[in-house]
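Inside the fold
This is what each chain is made of:
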Amino acid sequence: VSIQQFYEIVWSEGNKTTQQPFYGPWLEEQGSEKVNISDWEFSEDGTNTFENEWSGEKFQQKRQVDFEFERTTHLYIGPPVAGVHQTQYCTVEGNDKCVVAMTVEMSGIPYADCFAVEVRWVARRIGCNDIGIDGEA
């Protein structure tokens, strides 16, 4: 699989591609509800315009993802449902690298107003037909 194919299948959600949505249906399969994924906003000239405030890194595109999930922890503080808001950023560098960064903010869990989770996925080309994916949170 190429980097472009990986992006189109996993992250494009069908925006400017012929692929069927993947991320939204996957969230729903995991039990998430009220899933809402905005279309990607693309920079006008293809440059890295959208800045992730936490890292300062700039990206070619940006979108918002919102969903809710039933809390499964035994901390009986707060409502039984938690909300998640993700700001996702993406850059595809030819057929060599695809970087997706997310700022994840939650509501309905203790101390949710005190932190955000930063996630970074990097898919890199390995050889002619393979890719490797590294993730950090």
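What counts, and at which threshold
Residues numbered from 1 in each chain as written. Predicted model: local features only at pLDDT ≥ 70, side-chain atom pairs only at ≥ 80, totals over all residues. Heavy atoms only, no water. Helix = DSSP H or I, 4+ residues; strand = E, 2+ residues; numbered from the N terminus. Areas by Shrake-Rupley, 256 points an atom, 1.4 Å probe, with all protein chains shown as cover. Lys, Arg positive; Asp, Glu negative; His and termini not counted. Charge placed at Lys NZ, Arg CZ, Asp CG, Glu CD. Phe/Tyr/Trp six-rings, centres within 6.5 Å; stacked < 30°, edge-to-face > 60°. Buried < 20%, exposed > 50% of the residue type's maximum accessible area, 1.4 Å probe, protein only. Lys NZ or Arg CZ within 6 Å of the ring centre and 35° of its normal. Salt bridge = Lys/Arg side-chain N within 4 Å of Asp/Glu carboxyl O. Polar contact = N/O pair within 3.5 Å; in protein donor to acceptor, adjacent residues only side chain to side chain. Contact = heavy atoms within 4.5 Å. Disulfide = S-S within 2.5 Å.

**What about the overall build of the protein chain?**
Helix and strand counts for the protein chain stand at two helices and nine strands. Starting at the N terminus and ending at the C terminus, the protein chain contains elements arranged as α-α-β-β-β-β-β-β-β-β-β. Projected onto the principal axes, the alpha-carbon positions of the protein chain cover approximately 50 × 30 × 25 Å. Total accessible area computed for the protein chain in this model is approximately 8400 Å², and 51% of it derives from carbon and sulfur atoms. A gap of 4 Å separates the mean positions of the 10 positive and 23 negative side-chain charges of the protein chain.

**Let's talk about the packing of aromatic side chains**
One pass over the structure, following the stated rule, counts three aromatic pairs. Between W11 and Y23, the ring centres sit 5.5 Å apart and the planes meet at 40°, which makes this aromatic pair tilted. Within this pair, whereas W11 is found in helix 1 (residues 3–11), its partner Y23 is found in helix 2 (residues 23–29), the two being separated by twelve residues in sequence. For W11, a relative accessible area of 6% puts it in the buried group. An angle of 35° between the planes, with centres 5.5 Å apart, marks the rings of F59 and Y89 as tilted. Of this pair, F59 sits in strand 4 (residues 58–59) while Y89 sits in strand 6 (residues 81–93), and the two are 30 residues apart along the sequence. Across the pair, Y89 and F59 agree in class, each one buried. Against the face of F42 rests K16, its NZ or CZ located 4.1 Å from the ring centre.

**A short note on the pattern of salt bridges**
Within this structure, the stated rule accounts for five salt bridges. We note a salt bridge from D96 to R125, for which the minimum N-O separation is 3.9 Å. Here D96 is found in the loop between strand 6 and strand 7 (97–107), whereas its partner R125 is found in strand 8 (residues 117–126), with 29 residues between them in sequence. Given a relative accessible area of 39%, R125 falls into the partly exposed group.

**Observations regarding the side chain of N52**
By secondary structure assignment, the location of N52 is in the loop between strand 3 (50–51) and strand 4. There is a polar contact of 3.2 Å between the side chain of N52 and the backbone nitrogen of S55. Setting aside chain neighbours within four positions, we find N52 in contact with E57, F59, Y89, A101, T103 and E118.

**Structural notes on the state of the cysteines**
As used here, a disulfide is simply a covalent bond connecting the sulfur atoms of two cysteines. Under the counting rule described, the total for this entry stands at zero disulfides. With no disulfide partner, C98 has as its closest neighbouring cysteine sulfur the one in C90, 4.0 Å distant. C98 sits in the buried class, given a relative accessible area of 1%. Here C128 is not disulfide-linked; the sulfur of C98 is the nearest cysteine sulfur, at 19 Å.

Everything listed is a geometric property; what it means functionally is a separate question.
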